[in-house]
Amino acid sequence: MKNGPIGIFDSGVGGTSIWNEIQKLLPQEDTVYLADSKNAPYGEKSSEEILQLSIKNTKVLLDKGSKIIVVACNTATTNAIGYLRENFDVPFIGIEPAIKPAALQSRSKTVGVLATKGTLASSLFHSTSENHARGITILEREGKGLVPLIEQGKVNSHEIRELLRSYLEPMIEKGIDYLVLGCTHYPYLIPVLKELLPETVQIIDSGEAVARQTKSILEKNQLLKDSLTNGFHQLYTNGNLSVLEGFIKGASVNYKAEKSDF
C-alpha cells in the first residue's frame, strides 16, 4: 500500500488547486487525479446525485490502487464523505470552507463565504458555521455560473469579472474583512478577486491545510512512500483535455494527462 498513489477527485479541474499543494508538499508520492468535468458542477445537483458520483469516482481510484483518497471538492465532501468513510476501507481526506480561521481572525466580525449551492445547503456547512462562527456575521453567496466558466478555461474573462463583482459588492458594503473560498475551483480566481476586493479583505482557501492533513494521515497510517525520487502523476478528465492541461502546465513534475470516459 505504501507504493500506491494518492487518489484525488473533483467535479472537474478545480481540484488541481489541491493536487498542486499535495505534490509540492509530498514530492516523492505518486498521484492519480480524476477531473469529473462531464458532471460539473456538482454544486447544483441533488445530494443523492453527488453521493453516487462520489462513489463512482472512489471506485475508479481504488481500481487504480489508491492508498488514500482526497475528496478535493467541497460539495462532495459535505454531501458524501461520511458515507465514503463508512463503506470503503481507505482513509479519506475531505475539504470544507475554512470558516474557523476566518472567524477567529476577523476584526470586523463579518466574513464572506463564496461557495456552491450544494455546499451552502449541506448540514456539515451549517454545523461548521454554528460551531466556529458564534458572534460572527457570515454572509453566504452562491457563486452561480463560476464553475462552468472555469471549466471552459475562462478564468480572466469579462463574464467572470461581472459575476464576481455582483457577488462581492454586497459583501464589501457590509464590511467583510475575510472572504472564504468554498469551492476548489475558486483559488484560480484569486488574481481577479484581489483586483475587485479592497486591500483590507483577506482571502482564505483550504489548499495548504488539505495537503498538510494528507501528509499527517499518511504518516499516522505508515503509508508514506519509501522513496527519495520524485513521484509520477497521472491525471484523467472526462471533459476537455486541453483545459485540464492548461491548469497543470506550470507544474514542474513528471505527469501524464489524458482523456478517459470514467
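Caption draft 1: Representation of the packing of aromatic side chains within the structure. One pass over the structure, following the stated rule, counts 2 aromatic pairs. Ring geometry for Y188 and F247: centres 4.6 Å apart, planes at 65°, overall edge-to-face. Pair noted here: Y188 is in the loop between β7 (178-182) and α9 (190-196) and F247 is in helix α11 (residues 241-248), with a separation of 59 residues, a long-range link. Overall, Y188 belongs to the partly exposed group, its relative accessible area being 22%.

Caption draft 2: Main features of helix α2 (residues 47-63). Here α2 contains 17 residues, and its C-alpha end-to-end distance of 24 Å stays within 8% of the 24 Å for a straight helix at 1.5 Å per residue. By the burial criterion, the buried members of α2 are I50, L51, L53, S54, I55, N57, T58, V60 and L61. Considering only its buried residues, α2 is in contact with β1 (6-10), β2 (31-35), β3 (68-71), α3 (74-87) and β4 (92-93). Positioned one or two residues after α2, G65 has a phi angle of 85°, which is positive.

Caption draft 3: The arrangement of the pairing of β1 in detail. The buried fraction of β1 amounts to 5 of the 5 residues, a majority that puts the element mostly inside the structure. A two-sided burial pattern is seen for β1, the buried positions comprising I6, I8 and D10 on one face and G7 and F9 on the other. Summarising the sheet, β1 and β2 pair through 5 bridges and their orientation is parallel. Along β2, the bridge assignment pairs I6 with T31. One crossover worth recording links β1 to the parallel β2 by way of helix α1 (residues 16-25), and it is right-handed.

Caption draft 4: Region of interest: the packing of α1 against helix α10 (residues 207-220). Between α1 and α10, whose axes approach to 8 Å, the crossing angle comes to 50°. Viewed along their axes, α1 and α10 adopt a mutual orientation that is oblique. In this structure, α1 crosses over α10, and the sense of that crossing is right-handed. Only G207, E208, V210, A211, R212, T214 and K215 of α10 make contact with α1, whose side of the interface consists of I18, E21, I22 and L25. Considering only residue class, the contact of α1 with α10 consists of 5 nonpolar, 2 polar and 4 charged.

Caption draft 5: Region of the structure containing the sheet that holds β7. The parallel open sheet is built from 4 strands, whose spatial order is β6-β5-β7-β8. Edge positions in the sheet fall to β6 (137-142) and β8 (202-204), since each of these pairs with one other strand and no more. The average angle at which neighbouring strand axes cross in this sheet is 20°, direction not considered. With 6 bridges joining them, strand β5 (residues 110-115) and β6 adopt parallel strand pairing. Considered in β6, the bridge of A115 is made with E142. Where helix α8 (residues 158-173) meets the sheet, its contacts fall on β5, β6 and β7, and the angle it forms with β6 comes to roughly 165°.

Caption draft 6: A look at the pairing of strand β9 (residues 232-237). The buried fraction of β9 amounts to 5 of the 6 residues, a majority that puts the element mostly inside the structure. Direction of pairing for β2 relative to β9: parallel, over a ladder of 5 bridges. Bridge assignment links A35 to a residue of β9, and that residue is T237. Where β9 and strand β10 (residues 254-259) come together, 6 bridges link them in parallel fashion.

Rules behind the numbers
- Residues numbered from 1 in each chain as written.
- Predicted model: local features only at pLDDT ≥ 70, side-chain atom pairs only at ≥ 80, totals over all residues.
- Heavy atoms only, no water.
- Phe/Tyr/Trp six-rings, centres within 6.5 Å; stacked < 30°, edge-to-face > 60°.
- Helix = DSSP H or I, 4+ residues; strand = E, 2+ residues; numbered from the N terminus.
- Buried < 20%, exposed > 50% of the residue type's maximum accessible area, 1.4 Å probe, protein only.
- Expected span 1.5 Å × (residues − 1).
- Contact = heavy atoms within 4.5 Å.
- Pairing = 2+ DSSP bridges.
- Right-handed = clockwise from strand over helix to strand, strands pointing away.
- Axes fitted to C-alpha atoms, helices over the stretch in contact; angles between N-to-C directions.
- Parallel < 35°, antiparallel > 145°, perpendicular 65-115°, else oblique.
- Left-handed = near helix turned anticlockwise from the far one by under 90°.
- Nonpolar A, V, L, I, M, F, W, Y, C, P; charged D, E, K, R; others polar.

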